[in-house]
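# Structural overview
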Amino acid sequence: MESTRGKLIELLSQVEEGYVSGQRLSEDLHISRPAVWKHMKELEKDGYEIEAAPRKGYRIVSFPNKVSENTIQWGMNTNWLGQRLIHKSTVTSTQILAHQAAQEGAPHGTIVIADEQTKGRGRLNRSWHSHKGEGIWMSIVLRPTFEPYKSPQITLLAATVLAEVFKGYCDIKPQIKWPNDILTDGKKLAGILTELQAEQDQINYIILGMGINVNHPIETFPEEIRDKASSLKIESGESWELASLIREIIQTFEKRYEEFMEDGFSKVKLRWEAFGYRIGEIVPIQTYQSSWNGRIMGIESDGALRVVDEEGKEQTLYSAEIQW
Ligand code: BT5
């Protein structure tokens, strides 16, 4: 956390039960006692409940149930991911802001997150519906050192991270439809969009976008996707606190990304296949050239889709759509 406000929350959150004295806060933050008091008032405006006890100091009683840089970063346990965080209430697309930030030098792990997107985008210029305050719409700036051809693996890695969190944290049964959809019971909960800025043999940066339907009731989806979209709330019957869920995703992503950088794609492949949608089944497949039926076998060691076609020939697909 960079700001004084961020450091203040960090200091207060290091003590679970007790108080932190105004004196200590003023010394650690290099600001006056009245300035500490002013920051506390600002936190209260942000929805934090603060207790100020004479001679003891301050403590946070409760956190606001809203998304802000502070509420996400509070208690977040990462080394680089989300250390720089840009939260906005309304944007066209977090992808656009993340590209701008990356071009202006934003460090590896910078996250742009918004409550609402007015022009959320999917792949191939499709639109992504991003209703205000009910989902997680975020883009991560990554500056990996591997070669550009490996970048599609980041999409699969991100899909396994979301599936892992949805299963472990939200207790639902997710499936991953190659390459970028997270489904449950055949309905789409989340989508991933990976955009690459690269030279021939070097990545400048990747913008990894994730769109997750969290607290949507079914009526908030536009008519045309109502029968194929779902949300964590619809599936689990529970509303989810967005800041905590975002933190969980960020922490899991950092861990899995580091494993991937150290050990390569093999563990991601295993995890991906454990969540793979309709593996072993015959499904309609659409590529740029044609549409045909094929049996999904799994993924290759580089993340490409393995399919057996109607003549029994194995095919490796780098770009295709699996139809429902
Ligand atoms: C995706 O594209 O699934 C990638 C979605 C990425 C969205 C994130 S949000 C943060 C970041 N900022 C952005 O602007 N984008 C990223 P694709 O596989 O092309 O799927 C798009 C299709 O999914 C649409 O054509 C609809 O049919 C359907 N769709 C749109 N919005 C949806 C939603 N909220 N939930 C489920 N399905 C949706």
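Let me sum up the structure you'll find in this document. (Residues numbered from 1 in each chain as written. Predicted model: local features only at pLDDT ≥ 70, side-chain atom pairs only at ≥ 80, totals over all residues. Heavy atoms only, no water.)

### What about the overall build of the protein chain?
Operational definition: Secondary structure elements are defined from DSSP: runs of H or I of at least 4 residues count as helices, runs of E of at least 2 residues count as strands, and each element is numbered from the N terminus. Two things to know: the radius of gyration comes from C-alpha atoms, and the globule rule equals 2.2 Å times the number of residues to the power 0.38. Each residue's exposure class comes from its accessible area (1.4 Å probe, protein chains only) as a fraction of the maximum for that residue type: buried when under 20%, exposed when over 50%, partly exposed otherwise. Here, two residues are considered to be in contact whenever any of their heavy atoms come within 4.5 Å of each other. Per-residue and other accessible areas were derived by the Shrake-Rupley procedure at a 1.4 Å probe size, with only the shown protein chains allowed to occlude residues. Positive residues here are Lys and Arg, negative ones are Asp and Glu, while His and the chain termini are left out of the count. For this purpose, a charge sits on NZ of Lys, CZ of Arg, CG of Asp or CD of Glu.
Broken down by element type, the protein chain carries nine helices and 14 strands. Whereas a compact globule of 324 residues would reach a radius of gyration of roughly 20 Å, the protein chain reaches 22 Å, a difference of no more than 12%. Its C-alpha atoms put the protein chain at 80 × 45 × 30 Å along the principal axes. Looking at the protein chain as a whole, 51% of its 324 residues are labelled buried. Taking as baseline every contact in the protein chain between residues at least 6 positions apart, the subset at least 24 positions apart corresponds to 61%. When the accessible surface of the protein chain is totalled, it reaches about 15,700 Å², and 45% of it is carbon and sulfur. Looking at charge distribution, the protein chain has the averaged site of its 38 positive side-chain charges lying 4 Å from that of its 46 negative ones.

### Thoughts on the environment of aspartate 227
Residue placement: aspartate 227 occurs in the loop between strand E9 (203-213) and helix H7 (232-236). A C-alpha to C-alpha distance of 9.5 Å links aspartate 227 and lysine 188, two positions 39 residues apart in sequence.

### Considering the site of the ligand
Counted only if it meets this: Residues are counted as near a molecule or strand when any one of their heavy atoms sits within 4 Å of it. Here a polar contact means two N or O atoms within 3.5 Å. Within protein one must be a hydrogen donor candidate and the other an acceptor candidate, and residues neighboring in sequence count only if both atoms are side-chain atoms. When residue character is reported, Ala, Val, Leu, Ile, Met, Phe, Trp, Tyr, Cys and Pro are called nonpolar, Asp, Glu, Lys and Arg charged, and the others, Gly included, polar.
Every one of the 28 residues lining the ligand counts as a neighbour, but Ser93, Arg121, Arg126, Lys188 and Asn213 are closest to it. Within the side chain of glutamine 117, one N or O atom sits 2.9 Å away from a nitrogen atom of the ligand. At 2.7 Å, a backbone N or O of arginine 121 approaches an oxygen atom of the ligand. Protein chains bury 93% of the 790 Å² of accessible surface belonging to the ligand in isolation. Elements that contribute at least two residues to the shell around the ligand include exactly helix H5 (94-103), strand E5 (135-142), strand E8 (187-198) and E9. For the shell around the ligand, the per-class residue count stands at eight nonpolar, 14 polar and six charged.

### Here's the deal with the sheet that holds strand E10 (residues 282-286)
Selection criterion: At least two DSSP bridges between two strands are needed for those strands to be called paired.
Within the open sheet, the five strands sit side by side as E13-E12-E11-E10-E14. Their pairing is antiparallel. Bordering the open sheet on either side are strand E13 (314-317) and strand E14 (321-322), each of which pairs with just one other strand. In the sheet, E10 pairs with E14 via two bridges, with the strands oriented antiparallel. Each bridged residue has a counterpart across the sheet, and for glutamine 286 the counterpart in E14 is glutamate 321.

### A short note on the pattern of salt bridges
The condition is simple: By salt bridge we mean one thing: a side-chain nitrogen of Lys or Arg within 4 Å of a carboxyl oxygen of Asp or Glu.
Considering all chains together, one arrives at 17 salt bridges under this definition. Among the ionic pairs, glutamate 116 bridges to lysine 132, the shortest N-O distance being 4.0 Å. Separated by 16 residues along the polypeptide, glutamate 116 in strand E4 (residues 111-117) and lysine 132 in the loop between E4 and E5 bring together distant segments of the chain. Overall, the relative accessible area of 42% leaves lysine 132 in the partly exposed class.

### Things to note about helix H3 (residues 33-45)
Definition in use: In a helix, the anticipated span is given by 1.5 Å times the number of residues less one. When we speak of the arc, we mean the arc of directions from the helix axis to the C-beta atoms.
The terminal C-alpha atoms of H3 lie 19 Å apart, and with 13 residues this matches the ideal 18 Å at 1.5 Å per residue to within 8%. Taken together, the buried positions of H3 are occupied by Val36, Met40 and Leu43. Seen end-on, H3 carries its buried residues on one side only, within an arc spanning 60 degrees. Projecting away from the buried face of H3 at angles above 90 degrees are the exposed residues Pro34, Lys38 and Lys45. Looking at the buried positions of H3, the neighbouring elements they touch are helix H1 (4-14), helix H2 (22-29), strand E1 (49-53), strand E2 (57-62) and helix H4 (69-73). Looking one or two residues past H3, glycine 47 carries a phi angle of roughly 105 degrees, positive in sign.

### Digging into the packing of H1 against H2
We apply this condition: Structural elements are reduced to axes, namely lines fitted to C-alpha atoms, with helices fitted over the stretch in contact, and the angle between N-to-C directions of any two is expressed from 0 to 180 degrees. Here the angle decides the label: under 35 degrees means roughly parallel, over 145 means roughly antiparallel, 65 to 115 means roughly perpendicular, and every other value means oblique. By convention the crossing between two helices is left-handed if the near helix lies anticlockwise of the far one by an angle smaller than a right angle, and right-handed if it lies clockwise.
Look at H1 against H2: their axes get within 11 Å of each other, and the N-to-C directions meet at 135 degrees. Viewed along their axes, H1 and H2 adopt a mutual orientation that is oblique. Here the hand of the crossing between H1 and H2 comes out right-handed. On H2, the residues touching Thr4, Lys7, Leu8, Leu11, Leu12 and Gln14 of H1 are Arg24, Leu25, Asp28 and Leu29. Within the contact of H1 with H2, the residues separate by chemical class into five nonpolar, two polar and three charged.

### A closer look at empty space enclosed by the protein
Over the atoms, a rolled probe matching the size of one water molecule traces out where space is still vacant. Defined as follows: Only protein atoms enter the 1 Å grid used here, on which a cavity is any set of points holding a 1.4 Å probe that cannot leave and a pocket is any open set flanked by protein within 12 Å on both sides along at least five of seven lines; residues with an atom within 4 Å of a point are listed as lining. Grid points are joined across faces, edges and corners, and a volume is the space filled by probe spheres set on the points.
If you walk through the whole model with that rule in mind, you get one cavity of 30 Å³ or more. Taken as a whole, the largest cavity encloses approximately 40 Å³ of empty space. For the lining of the largest cavity, the secondary-structure elements that each account for two or more residues are helix H8 (242-263) and helix H9 (266-275). When residues of the lining of the largest cavity are assigned to their parent elements, the largest contribution, four residues, is made by H8. Of the residues assigned to the lining of the largest cavity, the class counts are two nonpolar, one polar and five charged.

### Brief notes about the sheet that holds strand E3 (residues 85-91)
Pairing within the open sheet is mixed, and its seven strands lie in the order E3-E4-E5-E9-E8-E7-E6. The sheet terminates laterally at E3 and strand E6 (175-177), the two strands that pair on one side only. Each neighbouring strand pair of the sheet contributes to a mean axis angle of 20 degrees, computed without reference to strand direction. As paired elements, E5 and E9 share eight bridges and run antiparallel to each other. Opposite leucine 142, over in E9, you have isoleucine 206 as the bridge partner. Strand contacts of H5: E3, E4, E5, E8 and E9, with the helix running at about 155 degrees to E9, the strand carrying the most contacts. On the sheet, H8 packs against E4, E5 and E9 and is oriented at approximately 30 degrees with respect to E5.

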